[in-house]
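Okay, here's what each chain looks like letter by letter:
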Amino acid sequence: MRLGFIGLGNMGSEMTRHLLAAGHTLATYARGERSRAHASRLGLSLLASPAEVAQASEVVFTMVTAGSDVESVALGPQGLVHGVSPGLIHVDMSTISPTVARDVARRLSERGITMLDAPVSGGVAGARTASLTFFVGGEKATFERARPLLECLGKTIFHMGPLGTGQVTKLANQIALLANLQGAAEALLFAREQGADAAKVREAVMTGLGASRMLDVLGKKMVERDFTAGIVAALHHKDIGVALELAHDAGLPLPVTAQVMQQLNALMGSGFGEQDTSSLLLVLEQMMGRRES
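The text that follows walks through the structure, step by step, so that each part is easy to find. Since we're looking at a predicted model, the values are computed, not measured. (Residues numbered from 1 in each chain as written. Predicted model: local features only at pLDDT ≥ 70, side-chain atom pairs only at ≥ 80, totals over all residues. Heavy atoms only, no water.)

### What about the nonpolar core?
Link 1 in the chain: Ranked by size, the top nonpolar core spans 31 residues in total, and within it Phe-5, Met-15, Phe-61, Val-91, Met-93 and Phe-134 carry the most contacts.
Link 2 in the chain: Secondary structure elements with two or more residues in this core: strand S1 (2-6), helix H1 (10-21), helix H2 (33-42), strand S3 (59-62), strand S4 (89-92), helix H6 (123-128), strand S7 (132-137) and helix H7 (140-150).
Link 3 in the chain: The leading source of residues in this core is H7, at 4 residues.
Link 4 in the chain: Residues in contact with Phe-61, not counting those within four places in the same chain, are Leu-3, Gly-4, Phe-5, Ile-6, Leu-19, Val-91, Met-93, Leu-149, Leu-150 and Leu-153.
Link 5 in the chain: By size, the runner-up hydrophobic cluster in this structure holds 27 residues, among which are Ala-185, Met-214, Phe-227 and Val-283. (Core = buried A, V, L, I, M, F, W, Y, C linked by side-chain atoms within 4.5 Å. Buried < 20%, exposed > 50% of the residue type's maximum accessible area, 1.4 Å probe, protein only. Helix = DSSP H or I, 4+ residues; strand = E, 2+ residues; numbered from the N terminus. Contact = heavy atoms within 4.5 Å.)

### So, the pattern of salt bridges
Between side chains of opposite charge, a pair can form as their charged atoms come close.
Link 1 in the chain: Taken as a whole and assessed by the stated rule, the structure comprises 16 salt bridges.
Link 2 in the chain: The partner of Asp-103 in a salt bridge is Arg-106, with the nearest N and O atoms 2.7 Å apart. Taken together, the residues span about one helical turn, with Asp-103 and Arg-106 both in helix H5 (residues 98-109) at a distance of 3 residues.
Link 3 in the chain: With its nearest N and O atoms 3.7 Å apart, the salt bridge here joins Arg-107 to Asp-103. Remark: Asp-103 and Arg-107 occur in helix H5; sequence separation between them is 4 residues, near one turn of the helix.
Link 4 in the chain: Among the residues examined, Arg-107 registers a relative accessible area of 36% and is labelled partly exposed.
Link 5 in the chain: Asp-103 sits in the partly exposed class, given a relative accessible area of 25%.
Link 6 in the chain: The network of salt bridges with shared partners includes Asp-103, Arg-106, Arg-107 and Glu-110. (Salt bridge = Lys/Arg side-chain N within 4 Å of Asp/Glu carboxyl O.)

### Quick look at the environment of Gly-219
Link 1 in the chain: Secondary-structure assignment places Gly-219 in helix H10 (residues 213-224).
Link 2 in the chain: The class for Gly-219 is buried, based on a relative accessible area of 0%.
Link 3 in the chain: Spatially, the C-alpha atom of Gly-219 lies 9.9 Å from that of Gly-183, the residues being 36 residues apart in sequence.

### Comments concerning the pairing of S3
Link 1 in the chain: The alternating pattern of S3 places Val-59 and Phe-61 on one face and Val-60 and Thr-62 on the opposite face, and all of these are buried.
Link 2 in the chain: Two elements, S1 and S3, share 4 bridges in a ladder whose sense is parallel. Paired with Leu-3 across the two strands is Val-59, which belongs to S3.
Link 3 in the chain: Pairing geometry for S3 and S4, over 4 bridges, is parallel. In the sheet register, Val-60 faces S4, and the bridge partner there is His-90.
Link 4 in the chain: In this fold, the crossover linking S3 to S4 by way of helix H4 (residues 67-75) has right-handed handedness. (Pairing = 2+ DSSP bridges. Right-handed = clockwise from strand over helix to strand, strands pointing away.)

### Examining the packing of aromatic side chains
Link 1 in the chain: For the structure shown, the criterion picks out 2 aromatic pairs.
Link 2 in the chain: Between the aromatic rings of Phe-135 and Phe-158, the centroid separation amounts to 6.5 Å while the plane-to-plane angle is 20°, which identifies the pairing as stacked. Taken together, the positions of Phe-135 in strand S7 and Phe-158 in strand S8 (residues 154-161) put the pair 23 residues apart, joining distant regions of the chain.
Link 3 in the chain: Judged by relative accessible area, Phe-135 falls into the buried class, the value being 8%. (Phe/Tyr/Trp six-rings, centres within 6.5 Å; stacked < 30°, edge-to-face > 60°.)

Spelled out as C-alpha cells, the structure:
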C-alpha cells in the first residue's frame, strides 16, 4: 500500500523499517532534526508537509508526542486535512487525551478522512522487534482495513470500541504501570536499607503475588543502577498528567496516581526527565538524603 508516516523519532523510525520490509511504499514528513536524521539513515525521502503526505497515501500513521502535535499535523495550515485523498485513513499512535482524539477525528471526518486512535505499549524495544501492543479505538470496518498494517508492527492488537477508547485504555495502562513502578522502587529501597540484598529480594518477590512486570524489567534496572532510557521519564510524566486532568474533570478519585505524579514532578525537577522512569528510585534516595542532612 501507499503509506504515510509522520513522527520518525525513536519509536517511529523503528516502525517504518517493518512497513518497508513488508513491501509498502512510504511518504514521510519530519519536523525535528533527529527525525530527519532517522529518515536519512533509512533512505526515506521527506515531503514538505503533512498535506503532501496525505495526498500520496492511502493510510497515514502519526507517532508524535502530545495532543497539540496531533492537532498541528492533522489540522494545521499544512495539515493532513488539506491533502485529502478519497478514503484516507489516519492512524494516530501517539498517547494523547481521548477528548483531543475525538475532536480531531470529528474535524477530519468533515473532510472525508477516517481516524483510528491506536496508542501502543512496548516502548522502543517493542517497536524494534515488531512486538508492540496496540489499543485501538474507532469504527470496526476501518480497524479491519488497518489491521494487516498493524500486524506488521505488533503482536497484540485490541479493538477497544469507539474512537477515543484506545486512548482511555492506554492511559489506564499507564496508571497501573506507574503505580507498580513506584511500588517496585519503594520495595527495593526498603530491602536495601534494611540490610537485605536487593537483587535477591527482587528475585524472591518475583515468585510470589508481589511480582509485576515493572519489578521484573525496571526493577532489574534499579538493582543494576542502569537508568538509561527505554522510555524517557518525561513521556510517563506527560501521560499521567493527561490522566489526572481527565480524572479531575470527571470527579474521579485517583489517590495513588496523584501521589505518583508528585514523585514524577520531583523526578522532572531533578533533571531526570530524559532518563528511564526507573529513576523514581533516585528520587526516593534524594528524599532520604535530604532528611538525613
